[in-house]
Amino acid sequence: MINGRKNSLKQPGLPIILVALFLVTMNVLGNYSSPTRFDNTLTPYLDTIPKVDTIPRTRDSATIKAGDSSRIKSDTFNVKMSKDSIDAPIQYSAADSMVMDVPNKRIILYSKGNVKYKDMDLTADSIEMDQSKNEVIATSRKDSAGNLRGRPKMVQGDQKMDADYMRFNTKTQKGLTQSTITAQGEMIVHGGTIKKISPTEYFASRGIITTCNLDTPHFNFRTPRMKMVSQKLAVTGPIHPEFEGVPVPIYLPWGYFPLSQGRHSGLLPPQFTASDQFGLGLEGLGYYKVLNDYFDVTLRTNIYSYGGWAAFLTPTYRVRYRYNGGLNLAYQSTRILSEDAKQEFTTAQTFNISWNHTVDSRARPGQTFSANVNAGSSKFNQYVTNNPLRNYQNNLSSSITYSKTWGSMFNLTASANHNQNNNEPALINMNLPNVAFTVNTFYPFAKKEMVGESKWYEKLGLGLNTNVANQISIYEKDFSLTNILDTMQWGAQHNIPIQLSLPSLGPLQISPGVSYSEKWYSRKFKRTWNPTTKLMDTSINKGFYTARDISFSLGMSTALFGKYEKFGPNSPITAIRHVIRPTFSISYKPDMSKGSYYTEQVDTAGNKYRFSYYDGTIFGPYGEGQFGGISFGIDNNLEAKVRSKKDTSEGGIKKVRLIDGFGFNGGYNFLADSFKLSNISLYLRSTLFEKINITAGANLDPYKVNAAGYRIDEYAWKGGSFSPGRITSGNIAVSTSFQSKPKDEKKAKENEDQFKNPNLPPMTPEEMQEQLQFARQNPAEFADFNIPWSLNISYSFSFTRNFKSNYSGWETQTNSNISLNGDFNLTPKWKMGANTYYDFRTSSIQMLTMFISREMHCWQLSINVTPVGTYRTFNITINPKSGILRDLKINRTRYFY
């Protein structure tokens, strides 16, 4: 806020401008001795003083021998530049007139005077330059109604300053302004009188500091005197806050306001909370430390009266055009009131580690490295008090990936992955390292330089895909080095595809292919029926085992187009277009995995089931039996052309997608001794009216089952009423969002452009997720009053029929839920919203949050309530909108476990 004052008082451009105007006038008027007034309205004029040497150049006529450059001299004429010379074009104008008092060396611009020099723009009712005193004066005037007109305003860069009166000394660079308003960033300073004593130091009397941009601010800090150092700080005398001009009886002997922009080390203030389970607490107390231009660290703590505490250490780093990332180390020592009557408190120690790292692709072309790690105790999310959404996050996952590419031929990718299910019993899966090596398709018989038409064998392509993986699966309660080594298993898979590119036969695309694959295993699983316990026993044999597979295929595909246009002239639909893409392939696969399968009894009824020794391995077993048959599928797309009342381009015809895709896939094995027809896979994708997203899928089993639920080799449509089969699994997801039109289209466009600001540093996906998470936790602080109402709906349903874990039969597992998120304006200044999640399987609301927000111009009131959830919370906050005063807030938070 001080920088605007500094620039307005310091810049020598204005006196230089007026000196230049004076010199030009002297040159035009000659020796006129009386003040001259030009009554005609002045138009903007570009004043450029030529600096052309009009003295003819002379040359030495002495003979100079060729090659003797040491004797060559140039005659020069040194021109001394006046101190009043200008170094940039000047534009000036006045609505009424300009007066030049030559004898007294004064120039005055009347009525809407304007002077532009470099990046400075000064406007005032009148601008006067007195060269004899080296002063520039900009003033306003009062109209007949007593209102000020033409207040001096200066804009330079992104800094602005308004005042009733401006006076500068161009020699000493000192100045004085009255009734001044200046802004720097979000800070706005009002000064009754401001005096500049040096290029960076100012003194002000009757000062006001605020972030409200009104002439009479809603709130401010008032002080009788202050000192400001540009781009650094402001120090005041006795200071107190005011609201709507009413003093608040909170007086401090002095005040300190940092004015510099960018990162700065300092304390992070806490917020007070109260919880029946945790007690009274202070959350967010910490310190932010800037170590250098590339590295900073944040430490935050939560402290509760029942003895619980938590600490969060977050270092972040960023080197532009190279890499950026951050680490978050969190530790919770939880102590809450116990629900068990035998003990007073429940205690737990939990931790969480998250790390994100991204390398700029321009740092090392051909190489990429990224990390996204999120691991910790299974109960960590359960004890997070101020995030109702995180309490229901039962999965933690991590990924670290390095990739290198050699030209367009070879690619190597190494990765480490982690997945953790926090539901009891907490299972941790780790895949590290995973290595994938790929040789892209190359044509060994193709000529380096193609001449004429290529031969068929020159289109024969080969490739290689190799994957090596190591996997660890362990329960959290059994986590130890011994158990990690005992559960570790590795595997590898190699695939060599051979393809031949043939020219199309009219509308048919033909693609023959051969694929050879081999898998390596580190263990075998053997399941046996135990008649004593009447359960299945599993034994593991470690070693090196292999399995391989080969297949031959010939595929054909085409596309069929149809259009219906017989609609009436008044019909809103002009045409419907249908595209059918059938696929058909013939393939053969010998039975090379017969020795990998065996039959074993699974229950007391004597039912038997076919198992593979490699069930449960990383890459799994190959399918059993030989295959000699066909695979088929049909994909459909449906579009319509409708008449649009708003869009008149292309004759007012608009294309609308009805169904993005729907169809089925299946196969038939002629060589199988039973179950020759495969399951049929059904799917549907659509975006109805460009608003409703629908995805659905199902698996159709065409065979009947016996009383125990096992398949029998008999089609479902035989022996009685027709049935296409049994749906063994299915899913559907529907989502849509609706919102009203913005009340102010221009403001909505500005908000949209603000997020696309190219000057802002790019955010990592983790940073975006953090900000999104904060917005979800505090929806009232991000209410958009420009959108009167909005509604988001998401519904999902899925079911699957699985073999029971004890092999006693089959069971169907169903999941169904709906989530709603919306808000609406109660009045132009009040907004209410809610977010809920309902689980149909448990017939209960799993989570419900509500908020109320009040628009208060430069302040905001937000109330967030979570009546349903692991933690029921209530929070009310009143704080300024300005980011630099966000911690100056009144907050009340309560938690109920």
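Residues numbered from 1 in each chain as written. Predicted model: local features only at pLDDT ≥ 70, side-chain atom pairs only at ≥ 80, totals over all residues. Heavy atoms only, no water.

Turning our eyes to something else, we now look at the overall build of the protein chain. The helix and strand inventory of the protein chain stands at five helices and 53 strands. Counting over 897 residues, the protein chain shows a buried share of 35%. In the protein chain, the share of contacts with a sequence separation of at least 24, taken over all contacts with a separation of at least 6, comes to 53%. When the accessible surface of the protein chain is split by element, carbon and sulfur atoms take 56% of a total near 52,200 Å². (Helix = DSSP H or I, 4+ residues; strand = E, 2+ residues; numbered from the N terminus. Buried < 20%, exposed > 50% of the residue type's maximum accessible area, 1.4 Å probe, protein only. Contact = heavy atoms within 4.5 Å. Areas by Shrake-Rupley, 256 points an atom, 1.4 Å probe, with all protein chains shown as cover.)

Applying the stated criterion across every chain, the model contains 23 salt bridges. Across the salt bridge formed by R657 and D660, the nearest N and O atoms sit 3.8 Å from each other. For R657, a relative accessible area of 39% puts it in the partly exposed group. If you follow the salt bridges from partner to partner, you end up with D101, R106 and E128 in one network. (Salt bridge = Lys/Arg side-chain N within 4 Å of Asp/Glu carboxyl O.)

Along the chain, S862 falls in strand β51 (residues 859-868). On the accessibility criterion, S862 (0% relative accessible area) is buried. Sequence separation between S862 and N879 is 17 residues, and the spatial gap between their C-alpha atoms is 8.7 Å.

Quick look at the pairing of strand β17 (residues 233-236) now. Alternating residues of β17 divide into A234 and T236, all buried, and L233 and V235, none buried. In terms of strand pairing, strand β16 (residues 219-229) meets β17 through four bridges, oriented antiparallel. Looking across to β17, one finds that K227 is bridged to V235. In sequence, β16 turns back onto β17 through a hairpin of three residues, with Q231 there showing a positive phi of about 65 degrees. Strand direction decides the pairing type here: β17 and strand β20 (residues 255-258), joined by four bridges, are antiparallel. From the neighbouring strand, L233 faces β20, where its bridge partner is P258. (Pairing = 2+ DSSP bridges.)

Another point: the environment of S403. Turning to its location among the elements, S403 is positioned in strand β29 (residues 395-406). Exposure remark for S403: the relative accessible area of 13% places this residue in the buried category. What S403 contacts, discounting residues up to four positions off in sequence, is G366, Q367, T368, N411, L412 and T413. A distance of 3.5 Å separates a polar atom in the side chain of S403 from a polar atom in the side chain of N411. (Polar contact = N/O pair within 3.5 Å; in protein donor to acceptor, adjacent residues only side chain to side chain.)

Applying the stated criterion across every chain, the model contains 25 aromatic pairs. With a centroid separation of 4.8 Å and 5 degrees between ring planes, the pair formed by Y715 and W717 is classed as stacked. When its relative accessible area of 32% is taken as the criterion, W717 is described as partly exposed. Ring pairing ties together the aromatic residues Y598, Y609, F611 and Y613, which thus form one cluster. (Phe/Tyr/Trp six-rings, centres within 6.5 Å; stacked < 30°, edge-to-face > 60°.)

With respect to the secondary-structure elements, N607 resides in the loop between β38 (597-601) and β39 (608-612). Sequence-wise, N607 and G809 are 202 residues apart; in three dimensions their C-alpha atoms are separated by 9.6 Å. When neighbours within four sequence positions are excluded, N607 is seen to be in contact with E600, Q601, V602, A708 and Y710. In terms of polar contacts, N607 uses its side chain to reach the side chain of D603, at 2.9 Å.

Moving on, we get to a nonpolar patch on the surface. Nonpolar side chains collect at one region of the surface, where L285, L299, I303, W309, L313, L329, Y331, F351 and I353 lie side by side and expose about 730 Å² of accessible area between them. For the nonpolar patch, the secondary-structure elements that each account for two or more residues are β24 (295-304), β25 (309-319), β26 (323-337) and β27 (345-359). Take L329: its relative accessible area is 34%, and that puts it in the partly exposed class. (Patch = residues over 30% accessible without salt bridge, like charges linked within 9 Å, V, L, I, M, F, W, Y side chains within 5 Å.)

Below, the discussion takes up the pairing of strand β4 (residues 97-101). Of all five residues in β4, five are buried; the element is thus mostly enclosed. Of the two faces of β4, both are covered, the one formed by S97, V99 and D101 as well as the one formed by M98 and M100. With five bridges joining them, β4 and strand β5 (residues 106-117) adopt antiparallel strand pairing. Within β5, the residue paired with V99 across the bridge is I108. Adjacent in sequence and paired antiparallel, β4 and β5 are bridged by four residues, among which K105 carries a positive phi angle near 55 degrees.

What follows covers the state of the cysteines. Evaluation of the coordinates by the stated rule reveals zero disulfides. As a non-bridged cysteine, C858 has C212 as the owner of its nearest cysteine sulfur, 3.6 Å distant. (Disulfide = S-S within 2.5 Å.)

As a further point, take unusual backbone geometry. Trans peptide bonds make up most of the peptide bonds, and negative phi angles are found at most residues other than glycine. Here L432 and P433 are connected by a cis peptide whose omega angle stands at -10 degrees. A positive phi angle, near 55 degrees, is found at K105, a position not held by glycine. Looking at where K105 falls in the secondary structure, it is placed in the loop between β4 and β5. Exposure remark for K105: the relative accessible area of 40% places this residue in the partly exposed category. A positive phi angle, near 50 degrees, is found at S179, a position not held by glycine. Secondary-structure assignment places S179 in strand β13 (residues 175-184).

The next point concerns the confidence of the model for the protein chain. Averaged over every residue, the pLDDT of the protein chain is 82; the share at 70 or more is 85%. Ignoring residues within four places in sequence, the model shows residues 1-77, a span with pLDDT below 50, making 141 contacts including any to other chains. (pLDDT = per-residue confidence, 0-100.)

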